[in-house]
Each structure stands twice: as C-alpha cells, then as structure tokens.
Amino acid sequence: MNEILLKIDGREVEAKEGMTILEAAQNAGIYIPTLCHHEKLEPYGACRICTVEAESRGQTRLVAACLYPVEKNLVVRTRSEKVDKIRKMILELLLAHAPDSRGLQDLVEEYGADKDRFEKEASFCVHCGLCVRYCAEVKKKFAVGFVNRGARREISFVPEIASKECWNCKECFPLCPTEALQAAYVYTEALISSLPRLGRQML
Amino acid sequence: MDIARVDQIIDKHNSEASSLIQILLDIQSENHWLPKEALERISERLQVPYTRIQHIATFYKAFSLVPKGRHQVHICMGTACHVRGAQRVLDTLQDLTGIKPGETDLDLKYSLETVNCLGCCALGPVIEIDGKIHGEMSPTRTADTLKKYE
Ligand code: SF4
Ligand code: FES
Ligand code: FES
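Residues numbered from 1 in each chain as written. Chains lettered and ligands numbered in written order. Predicted model: local features only at pLDDT ≥ 70, side-chain atom pairs only at ≥ 80, totals over all residues. Heavy atoms only, no water.

This part is about helix H1 (residues 3-12) of chain B. In an α-helix, one full turn covers 3.6 residues, which means residues spaced three or four apart are oriented alike. Residue and element names in this part refer to chain B. Along H1, the residues that are buried comprise Val-6, Asp-7, Ile-9 and Ile-10. Down the axis of H1, the sector holding all buried residues measures 160°, keeping them to one side. Elements that come into contact with the buried residues of H1 comprise helix H2 (20-31) and helix H3 (36-46). After H1 finishes, the residue Asn-14 shows a positive phi value of roughly 55°. (Buried < 20%, exposed > 50% of the residue type's maximum accessible area, 1.4 Å probe, protein only. Helix = DSSP H or I, 4+ residues; strand = E, 2+ residues; numbered from the N terminus. Arc of directions from axis to C-beta. Contact = heavy atoms within 4.5 Å.)

So this is what it looks like as structure tokens:
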C-alpha cells in the first residue's frame with residue numbers, strides 16, 4: 001500500500017491509498033463531525049454533515065469526508081466559513097424533523113443552528129440509515145428497512161423477522177442520532193399491528 | 001394470484017436477483033397489485049432480503065401494495081382539462097364509482113387516480129381507462145363511457 005501525503009487543516013498527514021479523508025483525519029486526531037458514519041458499516045454519505053473543503057490542482061470543492069478518498073497533495077480544510085454555513089444549514093434542516101434530538105445538541109451549539117428556522121415536521125428520523133444498514137450489514141437479519149421515498153420515507157420493521165430476532169438484539173436502538181426511541185417505536189408498532197404494511201399504505 | 005403463477009414468472013426471469021424489478025412489474029401488470037405472499041416468495045427464491053423488496057415496491061409509484069381494481073381510471077386535472085370542466089367530470093366519476101382519487105371500490109372494479117396532463121390537451125377534459133384515452137368528456141359521456149367497463 002502506498003503512503004499518501006496530504007494536508008489537513010495545515011498539518012501534514014500520512015494516509016494509505018484507499019482511505020477516506022475522514023479516516024485519515026481520525027488517524028491524525030483531527031475531528032470531523034459525522035452522523036451517518038459508523039466504522040463497522042460501508043460509507044453511505046447520507047447526512048453530509050462531514051462536508052469539508054478539499055483543494056487539489058488549484059480547485060476547491062466541497063466533498064463528503066466519509067466518502068472522498070485521499071489523494072496526493074490534497075489540501076483539506078475541515079472548518080471554514082463556507083463549511084460552517086453548510087453544516088449549520090444541514091443541522092437546521094435535520095432539526096425540522098427531530099427538534100428535540102439530544103444527539104444533535106452538541107453540534108447545534110457548535111454551529112449556532114436555529115432549531116426554529118424551518119417549519120417543523122417531526123418525523124424523528126433523519127434517514128441516516130444507521131439502523132437499517134447495521135441490521136443488514138452487521139447482523140445480517142434485514143429486520144428493518146426503508147419504505148416509501150422522498151419526504152415520506154420512513155423505517156419499517158418486518159413483523160415476522162422482528163418478532164423473532166429483535167428482542168434479544170436491539171443493537172440498532174442506541175445508534176440513532178436523533179432519538180433511540182424512534183426505532184423502538186416503529187418496532188413496537190410492527191409487532192402490534194397485524195397488517196403493518198397495509199395499514200401504513202392506507203394511512 | 002396463486003403462488004404457482006408467481007413461480008412461473010420468477011422462472012421466466014431465471015430467478016435472477018437482477019431481474020427483481022421486472023418480476024415485480026410482471027406481477028403488478030397481471031394482478032394489479034403486489035400481495036405480500038408474492039413478495040415473500042420472490043424474496044425466498046431470489047435470495048433478496050424482504051426489506052429490500054419492500055423498499056423498491058414502495059419506492060416506485062408503478063407498484064401497489066394494496067389491492068387495485070380491474071379498471072384503472074385516470075382523470076386529467078391538468079390546466080387545459082381543468083378549464084374545460086375536469087372538475088365536473090371528476091364529480092361524476094366519484095358519484096358513479098363511490099370512490100375518491102387514490103381509492104379502490106370494495107368490488108375491486110375501479111381504482112381512481114388523478115393525473116396532471118396526459119399530453120392531449122386539445123381533447124380535454126380527458127379520462128384514461130386501462131390505458132385508453134377518452135376525450136371531450138362531459139358528465140353524461142363519462143357515465144356512458146364507464147358503462148362499457150365491466
Ligand atoms: S430511525 Fe434513527 S438510526 Fe434509523 S434511519 Fe432514522 S435517524 Fe437513522
Ligand atoms: S458522515 Fe459523511 S455523509 Fe454522513
Ligand atoms: S391538461 Fe389534460 S391532457 Fe393536458
């Protein structure tokens with residue numbers, strides 16, 4: 001594996017080929033905020049809170065640090081006026097869905113996000129996919145998945161699988177960045193309702 | 001739809017996971033909706049997790065997870081049809097079928113859906129039943145047209 005030299009926040013950082021900016025930064029002890037990233041899971045790039053400025057060959061672009069592979073002589077800035085503004089906006093959008101999320105509070109303070117900026121539409125889920133991907137990739141049970149799309153997208157447990165597997169696992173609950181109770185709630189709903197998918201469709 | 005027929009359709013596509021959407025489309029067009037048993041069978045035979053199939057089946061509007069009627073009635077509420085009186089045609093349709101847009105009647109005869117412009121505004125107001133266009137609809141003509149579908 002080739003060593004690659006790049007700069008993050010003015011520091012020379014060494015990384016291996018194929019690493020992402022996020023991994024390189026973490027190895028060097030440089031913090032980049034993440035929401036949908038999990039070290040056991042494949043990169044997903046859903047939340048974009050890890051957005052950084054990456055400069056190569058004289059061009060600066062905004063990239064998702066958890067997806068973007070390191071390259072030679074890349075210059076990365078993890079904080080800048082632009083980056084902060086984007087993170088603030090992302091947080092404000094997420095807050096419209098999960099206004100009281102405890103997991104977001106630190107970031108909200110850091111970036112001065114205003115939780116009342118956008119009209120609330122509390123669905124509690126910010127579509128990070130952590131619960132869904134963890135169940136699929138780590139546990140290989142596929143008990144929870146997404147249904148519908150766009151603004152109506154939500155998680156849904158398959159009752160037949162959930163009733164067998166979830167009680168003794170529940171490892172996805174604490175992963176949720178907004179509220180662990182969200183998964184718990186949908187899970188219970190799946191168990192209670194005998195026609196969960198039909199019911200959902202007709203709502 | 002019986003499971004044997006679902007199996008036939010899966011066989012036609014050589015049980016390939018990459019044909020998942022095609023299989024769903026085939027079942028949808030034959031059966032007008034995707035019953036849970038069919039999805040479970042597909043999941044089992046294609047070795048695709050049920051959550052994934054559910055995600056796809058709810059993602060595309062072409063699929064329905066609830067029973068649909070034998071006849072798909074689409075009424076155009078686009079601008080041109082609207083000014084030519086689509087609302088009155090819609091009212092007539094609702095009266096005759098007893099259902100609102102997005103619904104299916106208990107006899108599974110009709111499913112009603114509104115659309116915005118079918119691309120033949122000069123014929124407005126337009127309704128489309130099972131893919132066939134019926135133009136220049138008035139309340140009376142709507143009633144006559146609907147009678148042709150059993
Ligand atoms: S329920 Fe929580 S963990 Fe699951 S996708 Fe939504 S926000 Fe992410
Ligand atoms: S952590 Fe990179 S997009 Fe979510
Ligand atoms: S508006 Fe009805 S066909 Fe165009």
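Let us keep going from here.
Turning to the domain arrangement of chain B, a few remarks are in order. Under the domain assignment, chain B is made up of domain 1 (3-59) and domain 2 (71-147). Of note, the centres of domain 1 of chain B and domain 2 of chain B, computed from C-alpha atoms alone, are 31 Å apart. (Domains from an automatic or database assignment.)

Residues Gly124(B) and Pro125(B) are joined by a peptide bond in cis, for which omega reads -10°. Among the structural elements, Pro125(B) can be located in the loop between strand S2 (110-115) and strand S3 (127-129). Despite not being glycine, Lys140(A) shows a phi value in the positive range, around 55°. Among the structural elements, Lys140(A) can be located in the loop between helix H4 (130-138) and strand S6 (144-147). With phi around 50°, Lys170(A) is a residue other than glycine that occupies positive phi space. Checked against the element boundaries, Lys170(A) lands in the loop between helix H5 (159-165) and helix H6 (180-192).

Here we take up the interface of chain B and chain A. Chain B puts 13 residues into the contact, and the matching count from chain A is 16 residues. When chain B packs against chain A, the two sides together hide about 1,400 Å² of surface, and 59% of this comes from carbon and sulfur. In terms of surface lost to chain A, no three residues of chain B exceed Thr51(B), Gln54(B) and Thr58(B), which account for 35% of the buried area on that side. Applying the counting criterion to the chain B and chain A interface returns one salt bridge. For Lys36(B), the salt bridge is made with Glu160(A), and the minimal N-O distance between the two is 2.5 Å. Our count for the chain B to chain A interface comes out at three residue pairs in polar contact (both at pLDDT 80 or more). It is helix H4 (residues 50-59) of chain B that contributes the most residues to the side of chain B that touches chain A, six residues altogether. Residues that form the side of chain B that touches chain A fall into these classes: six nonpolar, four polar and three charged. (Buried area = accessible area lost by both parts, 1.4 Å probe. Salt bridge = Lys/Arg side-chain N within 4 Å of Asp/Glu carboxyl O. Polar contact = N/O pair within 3.5 Å; in protein donor to acceptor, adjacent residues only side chain to side chain. Nonpolar A, V, L, I, M, F, W, Y, C, P; charged D, E, K, R; others polar.)

On to the side chain of Asp7(B). Following the sequence through the fold, Asp7(B) ends up in helix H1. Those residues in contact with Asp7(B) that sit more than four places away from it in its chain are Arg41(B) and Arg45(B).

Let us look at the sheet that holds S3(B). Residue and element names in this part refer to chain B. In spatial order, the strands read S2-S1-S3-S4; together these four strands make up an open sheet with mixed pairing. One side of each edge strand has no neighbouring strand; the edge strands of this open sheet are S2 and strand S4 (132-134). The average angle at which neighbouring strand axes cross in this sheet is 25°, direction not considered. As defined by bridge partners, strand S1 (residues 71-76) adjoins S2 across six bridges and the pair is classed as parallel. Directly across from His-74, in S2, lies its bridge partner Glu-113. Sheet strands touched by helix H6 (residues 86-97): S1, S2 and S3. Its angle to S1, the strand with the most contacts, is close to 155°. (Pairing = 2+ DSSP bridges. Axes fitted to C-alpha atoms, helices over the stretch in contact; angles between N-to-C directions.)

Attention now moves to the packing of aromatic side chains. The tally for this structure, following the rule as stated, stands at two aromatic pairs over all chains. Their ring planes at 70° and their centres at 5.0 Å tell us that Phe59(B) and Tyr60(B) sit as a pair that is edge-to-face. According to the relative accessible area criterion, Phe59(B) is partly exposed, its value standing at 33%. With a relative accessible area of 39%, Tyr60(B) lands in the partly exposed category. Taking 6.3 Å as the distance between ring centres and 80° as the angle between the ring planes, the aromatic pair formed by Tyr60(B) and Phe63(B) counts as edge-to-face. Since its relative accessible area comes to 8%, Phe63(B) is described here as buried. Three or more aromatic residues joined by ring pairs form one cluster here, namely Phe59(B), Tyr60(B) and Phe63(B). The ring of Phe59(B) has Arg149(A) sitting right over it, with the charged end atom 5.3 Å from the ring centre. (Phe/Tyr/Trp six-rings, centres within 6.5 Å; stacked < 30°, edge-to-face > 60°. Lys NZ or Arg CZ within 6 Å of the ring centre and 35° of its normal.)

Within this structure, the stated rule accounts for 19 salt bridges over all chains. Between Glu110(A) and Arg79(A) there is a salt bridge whose closest N-O contact spans 2.7 Å. Here Glu110(A) is found in helix H3 (residues 105-111), whereas its partner Arg79(A) is found in the loop between strand S5 (75-77) and helix H2 (81-97), with 31 residues between them in sequence. Connected through salt bridges with shared partners, the residues Asp7(B), Asp11(B), Arg41(B), Glu44(B) and Arg45(B) form a single ionic network.

Right, let's talk about the site of ligand 1 for a bit. In the vicinity of ligand 1 there are 11 residues, among which Cys125(A), Cys128(A), Gly129(A), Cys131(A) and Cys176(A) approach most closely. A breakdown of the residues in the shell around ligand 1 according to their chemical character gives eight nonpolar, three polar and no charged. (Near = heavy atom within 4 Å.)

Quick look at the sheet that holds strand S2 (residues 11-16) of chain A now. Residue and element names in this part refer to chain A. With mixed pairing, five strands are arranged side by side in an open sheet as S2-S1-S5-S3-S4. The open sheet terminates on both sides in strands that have one partner only, identified here as S2 and strand S4 (59-64). For this sheet the average axis-to-axis angle between neighbouring strands, irrespective of direction, equals 35°. Inspection of the sheet shows strand S3 (residues 51-56) paired to S5 by three bridges, in the antiparallel sense. When the bridges of S5 are listed, Glu-53 appears paired with Arg-77. Docked against the sheet, H2 engages S3, S4 and S5, running at close to 150° with respect to S3.

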